[in-house]
Amino acid sequence: MADAKIFLSESEMPQAWYNIQPDLPAPLMPPLNPGTGEPIGPGDLAPLFPMELIMQEVSMERWIEIPDDVMRIYTRWRPSPLHRAFALEEELGTPARIYYKNESVSPAGSHKPNTAVAQAYYNKQEGVTRIATETGAGQWGSALSLAGALFDIEICVYMVRISYDQKPYRRLLMQTWGGECIPSPSDRTNVGRAILAEDPDSPGSLGIAISEALEDTVGREDTKYALGSVLNHVMLHQTINGLELKKQLAIAGEKPDMMIGCVGGGSNFAGFCFPFVKDKLDGQDIEIIATEPTACPTLTRAPYRYDFGDNAQMTPLLKMHTLGHKFVPPPIHAGGLRYHGDAPLGSLLVAQNVIKPRAFPQYVGFEAAVTWARSEGHLPAPETAHAIKAAIDEALKCKETGEEKCIVIAYSGHGHFDMASYDAYLTGNLIDYELPQEMIDEAMKSVPEVPEP
Ligand SMILES: *Cc1c(COP(=O)(O)O)cnc(C)c1O
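Quick look at the structure, then. Going along each chain's sequence as written, the residues are numbered from 1 onward. Local features in this predicted model are restricted to residues of pLDDT 70 or higher, and side-chain atom pairs are both shown and tallied only at a pLDDT of 80 or more, whereas totals for entire chains, interfaces and linings draw on every residue. The side-chain numbers reported here are obtained from all heavy atoms of the structure, hydrogens and water having been left aside.

## Looking at a nonpolar patch on the surface
Link 1 in the chain: Any residue with relative accessible area above 30% and no salt bridge may belong to a patch, with like charges joined within 9 Å and the nonpolar Val, Leu, Ile, Met, Phe, Trp and Tyr side chains within 5 Å. Here the accessible surface of atoms and residues is derived via Shrake-Rupley with a 1.4 Å probe, and residues count as covered only by protein chains that are part of the display. Salt-bridge detection follows one rule: a side-chain nitrogen of Lys or Arg within 4 Å of a carboxyl oxygen of Asp or Glu. On the surface, Met51, Met55 and Val58 cluster together into a nonpolar patch covering about 250 Å² of accessible area.
Link 2 in the chain: By the secondary structure assignment, Met55 is in helix H2 (residues 51-58).
Link 3 in the chain: Exposure is judged per residue with a 1.4 Å probe applied to protein chains only, and the accessible area is read against the type maximum: over 50% gives exposed, under 20% gives buried, and values in between give partly exposed. Overall, the relative accessible area of 41% leaves Met55 in the partly exposed class. Working definition: helices are DSSP H or I runs of at least four residues, strands are E runs of at least two. Numbering for both runs from the N terminus.

So, in structure tokens, the structure goes:
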């Protein structure tokens, strides 16, 4: 019988991250200065990020070596296991072979420490003593708090209000690792105060929290900013996962027919599939599917154009699929998927038809998550549930057609801190949100008209 888990040894771990930029099927449009409409340069980002990360952001080197200190921390949970989902296959009665690459084994319970550790390392190298950031569901805030503890850097996290209220244990995780966690919108910043004045009950959004963290950063000498997704260097750090996966699939004697992940800003999915995107562009037949919630349908319903990354228009303009930077998504439980935009790299690949997007309401996501938990045993994050739902659909199609496809799932995290959302599902209190086109049209009015360079 085939193995249920495929491990790599530490000595087999990839020693460099994969940068997809030189291999893209079309040029990546540069970030623009919103004032001048001109591409921004590395100097413009210097107040926010350490120079090494800025250089990675624009690098055209295909391979970027992983520093030894980062590698040593990675080995505390990496290489992460690749599992064969035998129990789910049996439960569904499918001839498909289903695998999942399990990023839930990190100390924070998701893929996010892969970049948090790298970012903290480069900040430390350049003498930074404090990092401000935002967090949606709390996964990123906890991952960065962990990294702050490991590199002795102070961490300040603006956490989207709705998640702060729904997920007190994520906040406690941050605090246990020594991070400071503030509900956003907050009264700490001009941006936060302005939003609270208009709507004291604002559930917050990632866009608002990013604005607050940016304002905090530029107001202090000792502080830099960190982003847990969207930017090129974040996608880069996550490729450790897809590179391991490649070796593990080779050991199993498999080539993927279908790769499925969930997309918030797109980092776990990028890390998982970018090393395979190269194979697809070189002619290999792989279907690469990005899943998202119907309540925040950036890849399936939003246009591909320049927009701000944050609510208060403090970031450069990024070319991406965007619902508009003023868009505040309905308060679904998959907090990590509530971002109005998407990574420019992933957006480009969707626009080029290399990656196919698919959206699901949260209810069917939880149905899939429970089917998974009752067969595989592991309890997925509500974000991850979107990928599982798509994989189950595909496996059931295989059952009809008799196709023996190899389906690989990006298992981005566990749901142990999301039990309140499971409670809502199990007690019949889970609300599905339809997003009327008028709401998208309204939010799109906030997107600036910019001539493309
Ligand atoms: C943050 C998060 C996501 C979404 O973020 P991406 O950058 O799109 O990966 C998905 N799954 C889990 C478990 C997360 O914590």
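## Considerations on the packing of helix H11 (residues 232-252) against helix H12 (residues 267-281)
Link 1 in the chain: Remark: H11 packs on H12, axes separated minimally by 6 Å, with the N-to-C direction vectors making an angle of 60°. If you check the angle between H11 and H12, you find them oblique. For H11 against H12, the interelement crossing comes out right-handed. In this structure, H11 uses Val234, Met235, Gln238, Thr239, Asn241, Gly242, Leu243, Leu245, Lys246 and Leu249 to contact H12, whose residues at the interface are Ser267, Ala270, Gly271, Phe272, Phe274, Pro275, Phe276 and Asp279.
Link 2 in the chain: Throughout this entry, Asp, Glu, Lys and Arg are counted as charged residues, while Ala, Val, Leu, Ile, Met, Phe, Trp, Tyr, Cys and Pro are counted as nonpolar. The remaining residues, Gly among them, count as polar. By residue class, the composition of the contact of H11 with H12 is 10 nonpolar, 6 polar and 2 charged. Think of each axis as a best-fit line through the C-alpha atoms, taken over the contacting stretch in the case of a helix, with angles from 0 to 180 degrees between the N-to-C directions. In what follows, roughly perpendicular refers to angles from 65 to 115 degrees, roughly parallel to angles under 35, roughly antiparallel to angles over 145, and oblique to any angle outside these ranges. We call a crossing left-handed when the near helix sits turned anticlockwise from the far one by less than a right angle, and right-handed when that turn is clockwise. Residue contacts are counted whenever heavy atoms from the two residues lie within 4.5 Å of one another.

## Description of the site of the ligand
Link 1 in the chain: Being near a molecule or strand, for a residue, means having at least one of its heavy atoms within 4 Å of it. Contacts to the ligand come from 19 residues, most closely from Lys112, Ser229, Gly264, Gly266 and Ser267.
Link 2 in the chain: What qualifies as a polar contact is a pair of N or O atoms within 3.5 Å, subject to a donor-acceptor requirement within protein and to the restriction that residues adjacent in sequence count only when both atoms come from side chains. One nitrogen or oxygen atom from the side chain of Ser412 is found 2.7 Å from a nitrogen atom belonging to the ligand.
Link 3 in the chain: Of all the secondary structure elements, the ones that give two or more residues to the shell around the ligand are H12 and helix H16 (382-401).
Link 4 in the chain: Across the shell around the ligand, the residue classes break down as 4 nonpolar, 13 polar and 2 charged.

## A closer look at the pattern of salt bridges
Link 1 in the chain: Going through the model one piece at a time under the given rule, you end up with 20 salt bridges.
Link 2 in the chain: Among the ionic pairs, Glu254 bridges to Arg97, the shortest N-O distance being 2.6 Å. Of this pair, Glu254 sits in the loop between H11 and strand S10 (258-262) while Arg97 sits in strand S5 (residues 97-102), and the two are 157 residues apart along the sequence.
Link 3 in the chain: When its relative accessible area of 21% is taken as the criterion, Arg97 is described as partly exposed.
Link 4 in the chain: Salt-bridge contacts for Arg220 lead to Asp222; the nearest nitrogen and oxygen are separated by 2.9 Å.
Link 5 in the chain: It is possible to trace a salt-bridge network through shared partners that takes in Arg78, Lys101, Glu103 and Glu244.

## Section: H2
Link 1 in the chain: Burial in H2 covers these residues: Leu53, Ile54, Gln56 and Glu57. The arc that holds every buried residue of H2, seen down its axis, measures 160°, which confines them to one face.
Link 2 in the chain: Turning to H2, the residues buried within the fold contact strand S2 (16-18), helix H1 (42-45), strand S3 (63-65), helix H5 (113-125) and H11. Throughout, the arc means that of the directions going from the helix axis to the C-beta atoms.

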